[in-house]
Amino acid sequence: MTLAAIVLAVAALSVWLDKHRDRTAGLAGSSDVNDRDRTRVRNDLRYLT
């Protein structure tokens, strides 16, 4: 039972971190909501595919 609770807690933490990952992704210290570098990289990758 304890193992199931631990697995559930780790899964919930993983989902929560995944949802909030995009907010903190990008350049260090960047508070810009629209990360231009991320947009540029996505456009470059879209061009390659």
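Look a little higher up for the structure.
What counts, and at which threshold
Residues numbered from 1 in each chain as written. Predicted model: local features only at pLDDT ≥ 70, side-chain atom pairs only at ≥ 80, totals over all residues. Heavy atoms only, no water. Helix = DSSP H or I, 4+ residues; strand = E, 2+ residues; numbered from the N terminus. Buried < 20%, exposed > 50% of the residue type's maximum accessible area, 1.4 Å probe, protein only. Areas by Shrake-Rupley, 256 points an atom, 1.4 Å probe, with all protein chains shown as cover. Patch = residues over 30% accessible without salt bridge, like charges linked within 9 Å, V, L, I, M, F, W, Y side chains within 5 Å. Salt bridge = Lys/Arg side-chain N within 4 Å of Asp/Glu carboxyl O.

What am I meant to see in the overall build of the chain here?
When helices and strands are counted, the chain shows two helices and zero strands. Expressed as a percentage of its 49 residues, the buried residues of the chain come to 2%. As presented, the chain carries roughly 4900 Å² of accessible surface, and 62% of it is formed by carbon and sulfur atoms.

I tried to follow a nonpolar patch on the surface on my own but got confused; where do I start?
Residues Val41, Leu45, Tyr47 and Leu48 make up a contiguous nonpolar surface patch of about 470 Å² in total accessible area. Note that Tyr47 resides in helix α2 (residues 36-48).

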